[in-house]
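As a plain string of letters, each chain reads:
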Amino acid sequence: MYHKYTMIRLSLKDKQQINRLRDQFPAMIHIHVHRSVDGGFVANLANFPGLATEGDTLSELIDMVNDVFLAHFEVPAKYRSYMPSYMPPLKMAQDLDAFPVRKQDIQVRMSRTSNRAGAHRS
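How each quantity is defined
- Residues numbered from 1 in each chain as written.
- Predicted model: local features only at pLDDT ≥ 70, side-chain atom pairs only at ≥ 80, totals over all residues.
- Heavy atoms only, no water.
- Helix = DSSP H or I, 4+ residues; strand = E, 2+ residues; numbered from the N terminus.
- Buried < 20%, exposed > 50% of the residue type's maximum accessible area, 1.4 Å probe, protein only.
- Contact = heavy atoms within 4.5 Å.
- Areas by Shrake-Rupley, 256 points an atom, 1.4 Å probe, with all protein chains shown as cover.
- Polar contact = N/O pair within 3.5 Å; in protein donor to acceptor, adjacent residues only side chain to side chain.
- Phe/Tyr/Trp six-rings, centres within 6.5 Å; stacked < 30°, edge-to-face > 60°.
- Expected span 1.5 Å × (residues − 1).
- Arc of directions from axis to C-beta.
- Salt bridge = Lys/Arg side-chain N within 4 Å of Asp/Glu carboxyl O.

Asks: Before we go on, may I ask you to explain the overall build of the chain in this structure?
Replies: Per the secondary structure count, the chain includes three helices and three strands. Walking the chain from its N terminus toward its C terminus, one meets helices and strands in the order α-β-β-β-α-α. For the chain, with 122 residues in total, the buried portion stands at 30%. Taking the contacts inside the chain whose residues are at least 6 apart along the sequence as the reference set, 51% of them involve residues at least 24 apart. Accessible surface, the chain: about 9,500 Å² in total, of which carbon and sulfur atoms supply 54%.

Written out as structure tokens, the structure reads:
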């Protein structure tokens, strides 16, 4: 019986290709983010002159920044879930007034995510 959450078994060639693609992604990126005239967000990627993207919300902008790298490095759709993603610090959202800042301490539980499932170096 097929189950939609069955992990795909990767071939050695797939794993090697995934690792080659992952190696192209810089460990850190530098972006200049500002508000657009319509209230959304615009990001210019300093590490990659000429690359820019925008989003209506900060969350959408983060997704779009990650999509820019997937397109720039020409990552095939079947490997996209194995690629790294970039997440800005919380301070960026606060500095851009992207959401209200609470005046009280809160406790949060967060679980980790990994995009490397099945893509171990050989």
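Structure's up, so let's keep going.
Asks: Help me understand the environment of Asn47, please; the structure alone is not making it clear to me.
Replies: Tracing the sequence through the fold places Asn47 in the loop between strand E2 (41–45) and strand E3 (52–55). Aside from chain neighbours lying at most four places away, what touches Asn47 is Met28, Ile29 and His30. Within the structure, Asn47 has its side chain in polar contact with the backbone nitrogen of His30 (distance 2.6 Å).

Asks: What's the story with the side chain of Asp14 in this structure? I'm lost.
Replies: If you trace the backbone, Asp14 turns up in helix H1 (residues 12–24). Given a relative accessible area of 16%, Asp14 falls into the buried group. Residues contacting Asp14, with those up to four places away along its chain left out, are Lys78 and Tyr79.

Asks: It is not clear to me how the packing of aromatic side chains should be interpreted in this structure. Could you clarify?
Replies: In this description, an aromatic ring pair is defined by two values, namely the gap between the centres and the angle between the planes. In total, this model carries six aromatic pairs according to the counting rule given. Aromatic side chains Phe48 and Phe69 sit 5.1 Å apart centroid to centroid with 80° between the ring planes, which places their arrangement in the edge-to-face category. Of this pair, Phe48 sits in the loop between E2 and E3 while Phe69 is found in helix H2 (residues 58–72), placing the two residues 21 residues apart along the sequence. Phe69 matches Phe48 in its accessibility class, with the two residues each being buried. Ring geometry for Phe69 and Tyr86: centres 5.2 Å apart, planes at 50°, overall tilted.

Asks: Help me understand H1 in this model?
Replies: Helical geometry note: an α-helix holds 3.6 residues per turn, so side chains three or four residues apart project in the same direction. With 13 residues, H1 extends 19 Å from end C-alpha to end C-alpha; this agrees with the ideal 18 Å at 1.5 Å per step. Buried within H1 are the following residues: Asp14, Ile18, Asn19, Leu21 and Arg22. Seen along its axis, H1 keeps its buried residues to an arc of 165°; they face one direction. Away from its buried face, by an angle of more than 90 degrees, H1 presents the exposed residues Lys13 and Asp23.

Asks: Please clarify how the pattern of salt bridges should be interpreted in this entry.
Replies: Once their charged atoms are close, side chains differing in charge can pair, the charge on each being opposite to the other. Considering all chains together, one arrives at two salt bridges under this definition. A salt bridge links Asp14 to Lys78, with the shortest nitrogen-to-oxygen separation between them at 3.8 Å. Of the two residues, Asp14 is situated in helix H1 and Lys78 in the loop between H2 and helix H3 (90–95); the sequence distance between them amounts to 64 residues. With relative accessibility at 57%, the residue Lys78 sits in the exposed group. In this structure, the salt-bridge partner of Asp95 is Lys91, at a minimum N-O distance of 2.8 Å. Of this pair, Asp95 and Lys91 both sit in helix H3, four residues apart, roughly one helical turn.

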